[in-house]
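Report on the structure
Residue strings, one per chain:
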Amino acid sequence: MVAEARRLGWSVASPSFSLSARDPHAPGQAWPRCKRWDGLCDSPRRGSVAPPPVFGSPWNQGLGWGASREVGSALSPNLQSARPGGACQRAGMGSSVSGSSSSLGETCQNGALLDVGLEDGGSLTKLAYYSTVQHKVAKVRSFDHSGKDTEQDHEPPYEISVQEEVTARLHFVKFENTYIEACLDFIKDHLVNTETKVIQATGGGAYKFKDLIEEKLQLKVDKEDVMTCLIKGCNFVLKNIPHEAFVYQKDSDPEFRFQTNHPNIFPYLLVNIGSGVSIVKVETEDRFEWIGGSSIGGGTFWGLGALLTKTKKFDELLQLASRGQHTNVDMLVQDIYGGAHETLGLSGNLIASSFGKSATADQEFSKEDMAKSLLHMISNDIGQLACLYARLHCLDRVYFGGFFIRGHPVTMRTITYSINFFSKGEVQALFLRHEGYLGAIGAFLKGAEQDNPNQYSWGENYAGSSGLMSSSPELCPTQRARSGTFDLLEMDRLERPLVNLPLLLDPSSYVPDTVDLTDDALARKYWLTCFEEALDGVVKRAVASQPGSVDAAERAEKFRQKYWNKLQTLRHQPFAYGTLTVRSLLDTREHCLNEFNFPDPYSKVKQKDNGVALKCFQRVVSALDALDWEERQLALVKGLLAGNVFDWGAKAVSDVLESDPQFGFEEAKKKLQDNSGVDVILGVFPFVRELLSRGTEVILACNSGPALNDVTYSESLIVAERIAAMDPVIHSALREERLLLVQTGSSSPCLDLSRLDKGLAVLVRERGADLVVIEGMGRAVHTNYHAALCCESLKLAVIKNSWLAERLGGQLFSVIFKYEVPAE
């Protein structure tokens with residue numbers, strides 16, 4: 001992409017397609033002015049092994065998983081292996097007081113545990129380990145025509161093979177310390193090899209379980225610094241999980257409000273509330289400073305609470321507090337000043353003296369009221385202290401963690417109130433979905449430093465991860481039998497590092513998704529129902545994609561059950577995996593398909609469509625070349641949009657394609673009021689060809705992995721090669737590198753411009769791209785509809801969902817053609 005007068009860059013995202021351009025032959029005309037075509041138009045602006053031991057029946061509660069787990073069964077007799085697995089390379093353990101129902105799922109063949117970390121705060125241990133996971137992938141390659149005179153007309157454009165591929169995965173699991181010996185037996189049997197000599201440990205567990213670990217595992221325990229592990233873990237989740245942080249709002253529905261991570265996560269304040277309080281200023285990946293703290297923390301609440309209520313269990317104290325009324329014990333401002341408090345500018349409901357009424361009242365106070373008063377006293381003190389340190393160091397991001405938090409709503413509510421009150425709303429109290437795992441993650445990273453895990457990008461695997469649990473007991477009481485925000489987390493290492501698109505106007509405020517289903521209850525109900533109704537079709541397509549497999553139908557049914565369960569969880573807990581969006585629903589479905597070895601259910605459909613479309617390519621471009629300039633521009637965009645109609649992910653389209661196999665390109669153009677084959681070959685490539693003819697340089701970016709019937713990067717290389725053999729414009733552009741095919745780093749029908757392949761971002765910067773074209777409903781409507789770029793942009797799609805069309809003010813198969821120029 002070059003920003004010279006007659007050489008312009010395109011960055012295209014669709015099948016995955018994103019572009020950028022002005023026409024040098026039509027000065028002052030960036031692209032045909034917006035025309036209204038029966039629709040909407042915005043004017044410019046993823047081997048069986050011996051099953052692991054069962055760590056007790058409480059772990060079987062409230063998991064909400066499907067019928068399977070990867071590599072062996074989970075630590076539950078009713079969960080059977082369905083995901084292939086490989087060798088476990090590294091592991092880490094961490095433990096802290098943080099109760100939850102959990103199951104240790106994932107064992108590894110040929111285990112090799114090289115590093116383990118342990119962190120113990122009292123009741124829970126976390127196991128962190130690394131495994132290599134085998135899964136099936138669909139590969140495409142050109143046919144070898146050597147020795148043949150001509151290519152057969154009936155022959156598909158390329159062949160498809162399903163191969164085994166190995167990827168890296170991190171696993172983080174919680175379990176109760178009651179089962180520490182069973183856990184160590186599991187580690188010894190499955191994760192330790194003869195070369196393992198040392199186990200990293202951090203926290204109280206480094207001391208409490210040192211002798212037991214060394215005796216069981218015959219390893220030396222190497223103690224790691226607690227705070228270093230916490231910081232490393234916090235940095236890791238903030239960088240790799242987009243919706244990791246949230247604010248807690250008591251009166252909202254739901255009460256979790258997730259924050260978009262800033263591209264630069266530093267600096268921030270970490271307030272770790274364990275027995276006491278530690279306050280740490282984090283400035284870079286390796287530079288942090290303990291700047292303060294307090295002896296009044298979680299241990300104070302637990303200790304005083306036990307003395308006051310005779311309740312020895314931490315969780316029971318919090319349950320008492322949730323039912324209490326602190327005003328029966330606390331002295332309020334209005335109790336001292338009466339109505340005169342208004343002249344002081346104070347609310348009468350403010351606490352003037354914690355436990356103030358107990359000195360004068362001649363009565364017994366309930367355990368609930370005393371626990372609530374104590375919780376307010378501790379939380380308000382911590383909140384004020386954190387606020388003062390944040391202001392002193394000019395920080396506005398304050399993350400709270402430690403066993404005192406653990407997702408308890410009453411705790412988060414009181415800390416949030418305190419921070420808001422003392423900072424007058426200038427400082428936000430932020431909580432983390434996976435704060436219970438920070439020490440374990442950090443211990444793992446510390447032990448794996450020679451492999452530098454931070455050089456990679458990682459992504460949460462929704463199929464294998466538990467979600468943030470509901471904080472409302474009445475919503476799902478069976479899942480609140482034991483408190484805790486998270487049970488199991490899986491993260492896959494991505495093939496390539498992901499970075500921001502350099503052309504984002506303000507990366508810190510960029511939000512990929514157009515509709516927040518967590519917020520919008522009507523939209524949430526519609527889309528969850530929509531995905532439920534589409535499930536039969538997805539299962540049918542998955543089975544059809546593997547006609548030679550004897551267990552395809554069985555695996556497809558397991559996929560159906562798992563994804564259905566995920567959807568039901570999201571109905572009750574829409575915040576389970578962060579902000580709920582159409583993109584996250586699509587991604588979860590893709591993760592579940594991979595879980596049961598359906599890597600590309602639409603591969604055969606794409607292969608057939610691409611073959612048909614290639615035969616039509618020359619006829620289409622010849623007809624375009626015969627038009628005058630203005631007619632050709634309109635025809636090109638109409639062709640691009642007509643190709644976008646072919647979307648098997650949209651029910652309205654799949655119904656048409658199933659009922660009318662002859663529905664084709666011309667029919668699609670007539671239908672107008674994504675995807676492979678027609679979209680790319682007859683829509684995108686003629687469009688690109690026109691730009692190349694003008695001297696424009698084009699970067700064509702396609703999905704790294706399969707999603708629905710979107711073309712993948714590997715498929716696009718073969719398609720481009722075939723087109724180049726027919727068309728001199730494409731041929732010379734590829735040879736001269738004026739047309740570059742790259743991958744986006746995405747395997748989703750949608751597109752997150754803050755997580756793009758680093759190679760694509762480098763090209764965009766080096767070539768000086770000055771226009772981005774984003775095509776397709778998933779990439780230009782479900783995501784990026786409101787994305788602001790620092791260059792010109794064109795977003796175009798066909799609305800293939802009647803509900804969405806109505807909400808946008810149009811009709812089914814209406815057109816989005818949104819050309820925007822950045823403000824001066």
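Since the model is a prediction, treat every value here as computed from it, not as a measurement. (Residues numbered from 1 in each chain as written. Predicted model: local features only at pLDDT ≥ 70, side-chain atom pairs only at ≥ 80, totals over all residues. Heavy atoms only, no water.)

Before going further, it helps to examine the overall build of the protein. Scanning the protein for helices and strands turns up 24 helices and 28 strands. For the protein, the accessible surface area stands at approximately 31,700 Å², while carbon and sulfur atoms represent 49% of it. (Helix = DSSP H or I, 4+ residues; strand = E, 2+ residues; numbered from the N terminus. Areas by Shrake-Rupley, 256 points an atom, 1.4 Å probe, with all protein chains shown as cover.)

Of all six residues in strand β21 (residues 488-493), five are buried, a share of seventy percent or more. Across three bridges, strand β20 (residues 458-460) lies against β21 in antiparallel orientation. Bridge assignment links G459 to a residue of β21, and that residue is D492. (Buried < 20%, exposed > 50% of the residue type's maximum accessible area, 1.4 Å probe, protein only. Pairing = 2+ DSSP bridges.)

Across the sheet, which stays open at both edges, the seven strands sit in the order β12-β11-β19-β18-β13-β14-β15 with mixed pairing between neighbours. Because the sheet does not close on itself, it has two edges, and the strands there are β12 (256-258) and β15 (288-294). Direction aside, neighbouring strands of the sheet carry axes that sit 35 degrees apart on average. As paired elements, strand β13 (residues 268-273) and strand β18 (residues 397-401) share four bridges and run parallel to each other. (Axes fitted to C-alpha atoms, helices over the stretch in contact; angles between N-to-C directions.)

Our next topic: the packing of helix α5 (residues 298-309) against helix α8 (residues 367-392). Following both chains from N to C, one finds α5 and α8 inclined at 160 degrees, their axes separated by 10 Å at the closest point. In this view, α5 runs roughly antiparallel relative to α8, as classed from their interaxial angle. Classified by chirality, the crossing of α8 by α5 is right-handed. For the pair formed by α5 and α8, the contact residues are T300, F301, L304, G305, L308 and T309 on the first element and K367, M370, A371, L374, L375 and I378 on the second. Residue classes in the contact of α5 with α8 are distributed as eight nonpolar, three polar and one charged. (Parallel < 35°, antiparallel > 145°, perpendicular 65-115°, else oblique. Left-handed = near helix turned anticlockwise from the far one by under 90°. Contact = heavy atoms within 4.5 Å. Nonpolar A, V, L, I, M, F, W, Y, C, P; charged D, E, K, R; others polar.)

Summed over the entire model, instances satisfying the criterion amount to 38 salt bridges. Of the charged contacts, one joins K281 and E283 as a salt bridge, the two residues approaching to 3.9 Å between their closest N and O atoms. Residue class for K281 comes out buried when judged on its relative accessible area of 15%. Under the relative-accessibility criterion, E283 is labelled partly exposed at 27%. For the salt bridge of E736 with R738, the shortest nitrogen-to-oxygen distance reads 2.8 Å. Each of R169, E490 and D492 takes part in a single network of salt bridges with overlapping partners. (Salt bridge = Lys/Arg side-chain N within 4 Å of Asp/Glu carboxyl O.)

On to unusual backbone geometry. In the segment running from F266 into P267, the intervening peptide bond is cis, with an omega of -10 degrees. Relative to the helices and strands, P267 resides in the loop between β12 and β13. In this model, Q218 sits at a positive phi of 55 degrees, which is unusual for a non-glycine residue. Residue placement: Q218 occurs in the loop between α3 (210-217) and β10 (220-224). With a relative accessible area of 61%, Q218 lands in the exposed category. The residue F355 is not glycine, and still its phi comes out positive at about 60 degrees. As for its position among the elements, F355 is in the loop between β17 (351-353) and α8.

Tallied over the entire structure, the rule returns 24 aromatic pairs. Taking the centre distance of 4.5 Å and the plane angle of 45 degrees together, the rings of F256 and F575 count as tilted. Pair noted here: F256 is in strand β12 and F575 is in the loop between α13 (552-572) and α14 (582-595), with a separation of 319 residues, a long-range link. Positioned above the aromatic ring of F598 is the side chain of R555, whose terminal nitrogen or guanidinium carbon lies 4.6 Å from the ring centre. (Phe/Tyr/Trp six-rings, centres within 6.5 Å; stacked < 30°, edge-to-face > 60°. Lys NZ or Arg CZ within 6 Å of the ring centre and 35° of its normal.)

Turning our attention to the environment of V499. Note that V499 resides in strand β22 (residues 498-499). We classify V499 as partly exposed; its relative accessible area is 26%. In the structure, V499 is positioned 236 residues away from P263 in sequence and 8.7 Å away in space, judged by C-alpha atoms. Excluding its chain neighbours within four sequence positions, the residues that come into contact with V499 are L753, S754, R755, L756, D757, K758 and A761.

It is the contact of helix α15 (residues 603-625) with helix α19 (residues 678-693), at a shortest axis distance of 8 Å, that shows an interaxial angle of 35 degrees. The way α15 lies across α19 gives a crossing that is right-handed. On α19, the residues that touch N610, A613, L614, C616, F617, V620, V621, L624 and D625 of α15 are V678, I681, L682, F685, P686 and R689. In terms of residue class, the contact of α15 with α19 is built from 12 nonpolar, one polar and two charged.

The next thing to look at is the nonpolar core. Counting residues in each nonpolar core, the largest one holds 61 residues, and the members touching the most others are L501, W527, F531, F559, Y563, L585 and L753. For this core, the element with the most residues is α13, which contributes six residues. Residues F314, L317, C387 and I419 belong to the second largest nonpolar core, which totals 44 residues. (Core = buried A, V, L, I, M, F, W, Y, C linked by side-chain atoms within 4.5 Å.)

Okay, a nonpolar patch on the surface next. A cluster of nonpolar side chains, contributed by I336, Y337, L344 and L346, occupies part of the molecular surface with about 370 Å² of accessible area. Here L344 lies in the loop between α7 (333-337) and β17. (Patch = residues over 30% accessible without salt bridge, like charges linked within 9 Å, V, L, I, M, F, W, Y side chains within 5 Å.)

The next subject is the confidence of the model for the protein. Mean pLDDT over the protein works out to 78, with 76% of the residues at or above the 70 mark. Scored below 50 in pLDDT, residues 1-117 shows 514 contacts in the model against residues more than four places distant or in partner chains. Segment residues 645-677: pLDDT under 50, and 95 contacts once partners within four positions in sequence are set aside and those in other chains are kept. (pLDDT = per-residue confidence, 0-100.)

Taking 1.5 Å as the rise per residue, α5 with 12 residues should run 16 Å; its terminal C-alpha atoms sit 16 Å apart, in good agreement. Summarising the contacts, the buried residues of α5 are in contact with β13, α6 (314-323) and α8. After α5 finishes, the residue K310 shows a positive phi value of roughly 65 degrees. (Expected span 1.5 Å × (residues − 1).)

A separate point is the environment of K136. If you trace the backbone, K136 turns up in strand β7 (residues 124-141). Expressed as a C-alpha distance, the spacing of K136 and V166, which sit 30 residues apart in the sequence, is 8.8 Å. Here the side chain of K136 touches E164 through a polar contact of 2.9 Å, side chain to side chain. (Polar contact = N/O pair within 3.5 Å; in protein donor to acceptor, adjacent residues only side chain to side chain.)

Turning our attention to α14. With 14 residues, α14 extends 20 Å from end C-alpha to end C-alpha; this agrees with the ideal 20 Å at 1.5 Å per step. Counting buried residues along α14, 13 of its 14 residues qualify, which places the element largely inside the surrounding structure. Just beyond α14, the residue with positive phi is N597, at close to 60 degrees.

To continue, consider the side chain of D369. Positionally, D369 belongs in helix α8. One buried charged side chain, D369, makes no salt bridge at all; its nearest oppositely charged neighbour is K372, positioned 7.9 Å away. Those residues within four positions of D369 in sequence are excluded, and the remaining contacts are G324, Q325, H326, N328 and V329. (Lys, Arg positive; Asp, Glu negative; His and termini not counted.)

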